[in-house]
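Now for the letters of each chain:
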Amino acid sequence: MKSEGGRSLCKRRPVETELLEEGPVSRCQLMETAATAAPAWGFFSSFLLLAFGTLVAALLGAAHRLGLFYQLMHKVDTASIRHGGENVAAVLKAHGVRFLFTLVGGHISPLLVACEKLGIRVVDTRHEVTAVFAADAVARLTGTVGVAAVTAGPGLTNTVTAVKNAQIAQSPVLLLGGAASTLLQNRGALQAVDQMSLFRPLCKFCASVRRVRDIIPTLRAAMAAAQSGTPGPVFVELPLDVLYPYFMVQKEMVPAKPPKGLMSRAVHWYLANSLANLFAGAWEPQPEGPLPLDIPQASPQQVQRCVEILSRAKRPLMLIGSQALLPPTSADKLRVAVETLGIPCFLAGMARGLLGRNHPLHFRQNRRAALKKADVVVLAGTVCDFRLSYGRVLSRSSKIIVVNRDRKEMLINSDIFWKPQEAVQGDVGSFVVKLVEGLRGQMWASDWAEELRQADQQKEQTFREKALMPVAQHLNPVRVLQLVEDTLPDNSILVVDGGDFVGTAAYLVKPRGPLCWLDPGAFGTLGVGAGFALGAKLCRPDAEVWCLFGDGAFGYSLIEFDTFVRHKIPVMALIGNDAGWTQISREQVPSLGSNVACGLAYTDYHKAAQGLGAQGLLLSRENEDQVVKVLRDAQQQCQDGHPVVVNILIGRTDFRDGSIAM
């Protein structure tokens, strides 16, 4: 019933009451309605729980990223004057590091000071690339990690060539690089660049330390990575605020006066929390010593198969490369193994000098012809790259055994020009020692070694004839290098850096023992000389370090004679000065008809060295009969503690046709 205004004259009863009064069918409808409402409520409650859980997880994640949980358990010592550089120095000391090479910069000052306090000798160079080359030399000669530290930005970019050289040469080098403060990165800070992206393609391991407490574990991991597997360079970035003490970082990071606005207070809290997270747990004790290394080893089955191949050989030949000199096998143990094995061998890279100056198993000339005649060839740490004509120098009929720590390098070009009979991924030195155990008592016919020896002697006779050739001006470089060979002492280390002059020296000047020859390696880098000499003399202070430079290459190293003088490091540099980039000119002029950019001057490098405080001597046509005397005088100067430069004016030698030009 309705009123005149259309309103209901009685209250409407609940739907549930009406349905119940309608009998059994209406009750079913009520149950269906309730059943429909239940899933809707369940979905809504699940959604609320999921949203709440997501929010809680996000808050917990944010708290974790902000370091709030860690700070609950680990205190921040705001009164401490210690700094992250001390942690760096402690790890280096625990790993037996004796030298740190650097060019100083404000980003890295704390670690330099801390290393000095712990007795690590800090040696500063005049260019960052020299610091890394020196660390490379230390790594090669000691079997440990060589360490260099440079400042941020251009300091690090200056090292790129040396780091790449270490990568190609498989040298374990740790590069420590400064960086802008963590909160200022990507905000236009001084000398701030994306250093990690720069070094990732060059290094086995790259890490940026974000908190002081992470310095020690990061450096331990980096040192282990540098030496494990195939050795190589590693990079650790150390931002400025993880190296300096709390009170200095606080002064720069957090405003002294508390802010007033809400946003300003939030920023202030964020900065204060970041500071706390940087230093929370910074000085808690942590293990600092070396981690275990992962060095691959040949399996007994692989070794046995190689033993069987070699036992049937009539004309075996070994090519031993730098990898054979890596730890854990010592150079002396490897030398004994090679002598016991009795297989004729060619030595390359750091393996030069393994068997001493003159050994009946060591051959230097006509390697290509020998490889073609051999029926079994063992490539012990030697790679089929451009140095072996990508494998084309190997005979298709020869059985090839190749052993290398790096599988990719081991099999390079094997799909095109050569194919291994047995490919062994493992440590080279250990493999050779195991070969000796399996082949003990095995003998090979002496006529094979005698054939190789006769070819060697014929080539050496050719050099003797070239040494007697007259030159229009200056000195015959072959004759000069023969006299260097005659004068070189048994306790010498040879560092070679150059093109034409050094290429000639590689045939004529013989290292006197294992680990007594340093060249750049497969990258062919010019400019390694001063850094290599620096590292070598520090590692072996009782050895005479003789550096053979081309005049072009010496331009990179000249300024470092200031470094030698300041640090009292006596090394001897012999410069083959032919006033040009002769190795390039020799090809460029005949093929393109121009000597453009290949000419240099007969510069007075000895006088430039004198200007830096070193000793300088000149060898020219005027005193060509006194070559040995001048070399002896230079030796004496070094023995008296002075670095020496001997500027040798030479003509140009062409080994292809035997001619010697002016």
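For the structure, see preceding data.
Let us look at the structure shown here. (Residues numbered from 1 in each chain as written. Predicted model: local features only at pLDDT ≥ 70, side-chain atom pairs only at ≥ 80, totals over all residues. Heavy atoms only, no water.)

1. Description of a positive patch on the surface
The condition is simple: Patches here are clusters of residues that have more than 30% relative accessible area and form no salt bridge, with a 9 Å joining cutoff for like charges and a 5 Å cutoff for nonpolar side chains (Val, Leu, Ile, Met, Phe, Trp, Tyr). Accessible surface area values rest on a Shrake-Rupley calculation with a 1.4 Å probe, where residue burial reflects the displayed protein chains alone. Salt bridge, as used here, is a side-chain nitrogen of Lys or Arg placed within 4 Å of a carboxyl oxygen of Asp or Glu. Positive residues here are Lys and Arg, negative ones are Asp and Glu, while His and the chain termini are left out of the count. Where a charge lies is defined by one atom per residue type, namely NZ (Lys), CZ (Arg), CG (Asp) and CD (Glu). Think of it this way: any DSSP run of H or I at least four residues long counts as a helix, any run of E at least two long counts as a strand, and we number them from the N terminus. Relative accessibility decides the category of a residue: with a 1.4 Å probe and only protein chains considered, values under 20% of the type maximum give buried, values over 50% give exposed, and everything between is partly exposed.
Together, Arg368, Lys372, Arg392 and Arg396 give the surface a local cluster of positive charge. Relative to the helices and strands, arginine 396 is located in the loop between strand E9 (376-380) and strand E10 (399-404). Classification of arginine 396 as exposed rests on a relative accessible area of 64%.

2. Thoughts on the packing of helix H12 (residues 246-253) against helix H13 (residues 262-279)
Test applied: Axes here mean lines fitted to C-alpha atoms, for a helix over just the part in contact, with angles spanning 0 to 180 degrees between N-to-C directions. Oblique is the label for every angle not falling under 35 degrees (roughly parallel), over 145 degrees (roughly antiparallel), or within 65 to 115 degrees (roughly perpendicular). Take the far helix as the reference: if the near one is turned anticlockwise from it by less than a right angle, the crossing is left-handed, and if turned clockwise, right-handed. Residues count as neighbours in contact if any of their non-hydrogen atoms are within 4.5 Å of one another. Polarity classes work like this: nonpolar for Ala, Val, Leu, Ile, Met, Phe, Trp, Tyr, Cys and Pro, charged for Asp, Glu, Lys and Arg, and polar for all others, with Gly in that last group.
Across the interface, H12 lies against H13 with an axial gap of 10 Å and an inter-helix angle of 160°. Looking at the two axes, H12 sits roughly antiparallel to H13. Note that H12 runs across H13; the crossing there is right-handed. The residues of H13 that touch H12, namely those facing Tyr246, Val249, Gln250 and Met253, are Leu271, Ser274, Leu275, Leu278 and Phe279. Looking at the contact of H12 with H13 residue by residue, the classes come out as seven nonpolar, two polar and no charged.

3. Regarding the environment of lysine 510
Heads up, the condition is: Definition of a polar contact: a pair of N or O atoms within 3.5 Å, with one able to donate and the other able to accept a hydrogen when the atoms are protein atoms, and with sequence-neighbouring residues admitted only if both atoms are side-chain atoms.
By secondary structure assignment, the location of lysine 510 is in the loop between helix H21 (500-508) and strand E13 (517-518). Note on lysine 510: relative accessible area 14%, which makes it buried. Separated by 146 residues in sequence, lysine 510 and arginine 364 have C-alpha atoms that sit 9.7 Å apart. With near-sequence residues (within four places) excluded, lysine 510 lies in contact with Arg357, Asn358, Arg364, Glu485, Leu488 and Leu494. At 3.0 Å, the side chain of lysine 510 forms a polar contact with the side chain of asparagine 358.

4. Details of the pattern of salt bridges
Under the counting rule described, the total for this entry stands at 19 salt bridges. Ionic pairing is found between aspartate 124 and arginine 566, a salt bridge with its closest N-O pair at 3.0 Å. In this pair, aspartate 124 sits in strand E2 (residues 121-124) while arginine 566 sits in helix H24 (residues 561-566), placing the two residues 442 residues apart along the sequence. Judged by relative accessible area, which is 36%, arginine 566 ranks as partly exposed. Residue aspartate 633 is joined to lysine 629 by a salt bridge in which the shortest nitrogen-to-oxygen separation is 3.0 Å. Of this pair, aspartate 633 and lysine 629 both sit in helix H27 (residues 627-639), four residues apart, roughly one helical turn. Within the structure, one salt-bridge network assembled from shared partners comprises Asp124, Arg126, Asp562 and Arg566.

5. Considering the packing of aromatic side chains
This is how it is decided: Two aromatic rings, drawn from Phe, Tyr or Trp (for Trp, its six-membered ring), form a pair once their centres lie within 6.5 Å of each other, and the interplanar angle then sorts them: stacked below 30 degrees, edge-to-face above 60, tilted otherwise.
Taken as a whole, this structure holds nine aromatic pairs when the rule is applied. Ring geometry for tyrosine 246 against phenylalanine 279: centres 5.3 Å apart, planes inclined by 75°, an arrangement best described as edge-to-face. Remark: phenylalanine 279 occurs in helix H13 and tyrosine 246 occurs in helix H12; sequence separation between them is 33 residues. Exposure remark for phenylalanine 279: the relative accessible area of 3% places this residue in the buried category. Relative to phenylalanine 554, the ring of phenylalanine 549 has its centre 5.0 Å away and its plane inclined at 75°; by these criteria the two rings are edge-to-face. Relative accessible area serves as the criterion here: at 0%, phenylalanine 554 is assigned to the buried category. Members of the aromatic cluster, connected to one another through ring pairs, are Phe549, Phe554, Phe561, Phe564 and Tyr605.

6. As for the sheet that holds E13
What counts here: Strand pairing is assigned whenever DSSP identifies at least 2 bridges connecting the two strands.
If you walk across this open sheet you meet the six strands as E13-E12-E14-E15-E17-E16, and the pairing is parallel. Strand pairing shows two members of the sheet lacking a second neighbour, E13 and strand E16 (615-619), which therefore form its edges. Pairing of strand E15 (residues 572-577) with strand E17 (residues 644-649), which is carried by six bridges, proceeds in the parallel orientation. Bridge assignment links isoleucine 575 to a residue of E17, and that residue is asparagine 647.

7. Here we look at the pairing of E15
Burial analysis of E15 places six of its six residues in the buried class, which makes it a mostly covered element. Along E15, one buried face is formed by Met572, Leu574 and Gly576 and the opposite face, lined by Ala573, Ile575 and Asn577, is buried too. Bridge count between strand E14 (residues 544-550) and E15: five bridges; the pairing is parallel. Paired with phenylalanine 549 across the bridge in E15 is isoleucine 575.

8. Observations regarding helix H8 (residues 160-169)
As a reminder of what qualifies: Picture the helix axis, draw a direction to every C-beta atom, and the arc is the one those directions span.
Buried residues of H8: Ala162, Val163, Asn165 and Ala166, and no others. Viewed along the axis of H8, the buried residues span an arc of 160°, placing them on a single side of the element. Against helix H6 (128-142), strand E4 (173-179), helix H9 (195-199) and helix H22 (529-539) lie the buried residues of H8. Directly after H8, the chain includes glutamine 170, whose backbone phi takes a positive value near 60°.

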